[in-house]
Amino acid sequence: MKKRAVGTKAPYRVDVVTIVLVTALVLFGLVTILNVLSDPFDGTETTFQAFYDRLNFQFFSRQAANILISLAVLIPLAIIDYDKYKPFVKVAYVVCLILLFLLVVAGQNTRGALGWFWIGARSFQPSEITKVVLIIALSKAASEAYDRRGPITAFRDFSKLFLIFFVPFLLVILQRDFGTAMVILIIFGGILFAVRIRWRYVFGGLFALGVGGILSWMLVLTETQKERIRVFIDPTRDLEGEGLNVLHAKQVIGSGGFWGKGYFSKGTLVQTGYVPEWHTDFIFSGIGEGVGFFGAMLLIIVFFALLFHWLHTALVARDTFGRCLCVGCTVMIAAHVFENVAMNLGAMPVTGIPLPFISYGGSNILASFACVGIAMSVYARAAGRRQL
């Protein structure tokens, strides 16, 4: 193998796999948003103009704008060496905590949670950006502890990591956004496993999680949120609210059969508003109806391919910091996919978690693209190191 001359930089390796898979997901998401929000087709659209008149480009164009804005974040994150994230992470972390705290004390209640700042008709969800900042902050602290003393065994190292995680986690809990809180918890657990945490901390964390769940039920959860959990256990409890939404989502998915009814076709339920939030939280139901079981499984396979690719990038990362970053981004996207799909299938309570790269939403697409940029930066440096 040819050695690189001393003092020269390794060529930047473009992560083609990530680019191809994410591009496919984003384009599929745009088409899906256009499909589910269109006026119902009835089969009489025999001309292009009649077909075009059925289409609703309002959220399609907004999502396209969200993607372009997010690319302005993705590209610098992918090009810059991920070591250069470190000097900025403390400031970003503090800013995120301030924004989360402001929502707790003065946030506007939206669908039972306090997670959004509203500017006219547009909204911004700080907790989405907090997830990415938390990945960088936890990865920095965990990798420094691991590089000094190996696997996390000392209580002082664990307590520092726990504090970094717990403050935003608590603020999100106080916003009553339990879906996002669960994702933050999974990010914390994933990064701890990346630095080989001792099992006693794992068992202690599970015990604390159980106690915290009981206390949340008693002191934090509103009656509406408690009812969501009861409805998850027995959807027939509320056939005019949450239970009906879940049952409708499952009916829409089931109506697609194996091959689906097709996009922009007549006889689809999702275009009639049969399920709520069909372009965000319940978008998977529209996918299941349109492309059927076969298409939905292909979508999940694409997600799995992306996530396994990022895990492989973590294994060949240049250093511990890069490994933790890739693991954190992987588990964040994985948690979103699992929660959203399971929610649509009635396998988890309705938590308001969007499907990455697919659901409409500026904050979520920005956070997802930030993870893409981070993973690409780690891949580029890992590939360069293998050329030595």
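As a reminder, the structure under discussion sits directly above these lines.
Everything numeric here is computed off the predicted structure, so don't read it as measured data.

Reading the values: the criteria
- Residues numbered from 1 in each chain as written.
- Predicted model: local features only at pLDDT ≥ 70, side-chain atom pairs only at ≥ 80, totals over all residues.
- Heavy atoms only, no water.
- Core = buried A, V, L, I, M, F, W, Y, C linked by side-chain atoms within 4.5 Å.
- Buried < 20%, exposed > 50% of the residue type's maximum accessible area, 1.4 Å probe, protein only.
- Helix = DSSP H or I, 4+ residues; strand = E, 2+ residues; numbered from the N terminus.
- Contact = heavy atoms within 4.5 Å.
- Patch = residues over 30% accessible without salt bridge, like charges linked within 9 Å, V, L, I, M, F, W, Y side chains within 5 Å.
- Areas by Shrake-Rupley, 256 points an atom, 1.4 Å probe, with all protein chains shown as cover.
- Salt bridge = Lys/Arg side-chain N within 4 Å of Asp/Glu carboxyl O.
- Axes fitted to C-alpha atoms, helices over the stretch in contact; angles between N-to-C directions.
- Parallel < 35°, antiparallel > 145°, perpendicular 65-115°, else oblique.
- Left-handed = near helix turned anticlockwise from the far one by under 90°.
- Phe/Tyr/Trp six-rings, centres within 6.5 Å; stacked < 30°, edge-to-face > 60°.
- Lys NZ or Arg CZ within 6 Å of the ring centre and 35° of its normal.
- Expected span 1.5 Å × (residues − 1).
- Bend = angle between axes of the 7 residues up to and from the residue.

## Overview of the nonpolar core
Judged by nonpolar contacts, the single largest core of 105 residues is most densely connected at Leu 138, Leu 325, Met 332, Leu 355 and Phe 357. At 13 residues, helix H12 (residues 320-344) tops the list of elements feeding residues into this core. When near neighbours in sequence (up to four residues on either side) are disregarded, Phe 357 contacts Val 22, Leu 25, Val 26, Gly 29, Phe 303, Leu 306, Ile 333, Asn 364, Ile 365, Ser 368, Phe 369 and Val 372.

## Overview of a nonpolar patch on the surface
Nonpolar side chains collect at one region of the surface, where Tyr 12, Val 14, Val 16, Ile 19, Val 20, Leu 68, Leu 71, Ile 75 and Ile 79 lie side by side and expose about 780 Å² of accessible area between them. Of all the elements in the fold, those that place two or more residues in the nonpolar patch are helix H1 (16-36) and helix H3 (58-79). It is H3 that provides the largest number of residues to the nonpolar patch, a total of four residues. Here Val 16 lies in helix H1.

## As for the packing of H1 against H3
Where H1 meets H3, the closest approach of the two axes is 9 Å, and the angle between their N-to-C directions is 160°. Accordingly, the angle class assigned to the pair H1 and H3 is roughly antiparallel. Considering only the axes of H1 and H3, their crossing is right-handed. Only Phe 59, Phe 60, Gln 63, Ala 64 and Ile 67 of H3 make contact with H1, whose side of the interface consists of Val 26, Leu 30, Ile 33 and Leu 34.

## Observations regarding the packing of aromatic side chains
Tallied over the entire structure, the rule returns 25 aromatic pairs. Plain terms: the ring middles of Phe 51 and Phe 264 are 5.8 Å apart, the flat faces sit at 65° to each other, and that makes the pair edge-to-face. A residue pair is termed long-range when its members are at least 10 positions apart, and Phe 51 in helix H2 (residues 48-54) and Phe 264 in the loop between helix H10 (242-255) and helix H11 (283-315) qualify at 213 residues. Ring geometry for Phe 158 versus Phe 188: centroids 6.5 Å apart, planes at 45°, classification tilted. On the criterion of sequence distance, the pair formed by Phe 158 in helix H6 (residues 155-174) and Phe 188 in helix H7 (residues 178-194) is long-range, its members being 30 residues apart. Comparing Phe 158 with Phe 188 shows no difference in burial state: the two are buried. Site record: aromatic cluster; members linked through ring pairs are Phe 158, Phe 162, Phe 165, Phe 166, Phe 169 and Phe 188. The lysine or arginine in question, Lys 86, covers the ring of Phe 321, its NZ or CZ lying 4.6 Å from the ring centre. Sitting above the plane of the Tyr 146 ring, Arg 323 keeps its charged end 5.3 Å from the centroid.

## Section: H3
Between its terminal C-alpha atoms H3 stretches 32 Å, which fits the 32 Å expected from 22 residues at 1.5 Å a residue. If you look at H3, its biggest bend is around 25°, right at Leu 71. By the burial criterion, the buried members of H3 are Phe 59, Gln 63, Asn 66, Ile 67, Ser 70, Leu 74, Leu 77 and Ala 78.

## Some details on the environment of Phe 369
As for its position among the elements, Phe 369 is in helix H13 (residues 362-385). Residue class for Phe 369 comes out buried when judged on its relative accessible area of 3%. Sequence separation between Phe 369 and Leu 71 is 298 residues, and the spatial gap between their C-alpha atoms is 7.0 Å.

## Side note on the environment of Tyr 379
When you line up the elements, Tyr 379 lands in helix H13. On the basis of relative accessibility, which here comes to 16%, the residue Tyr 379 falls in the buried class. Through-space distance from the C-alpha of Tyr 379 to that of His 312 is 9.3 Å; in sequence the pair is 67 residues apart. Excluding residues within four positions of it along the chain, Tyr 379 makes contact with Arg 13, Val 14, Asp 15, His 309 and Thr 313.

The values reported here are purely geometric and, on their own, carry no functional implication.
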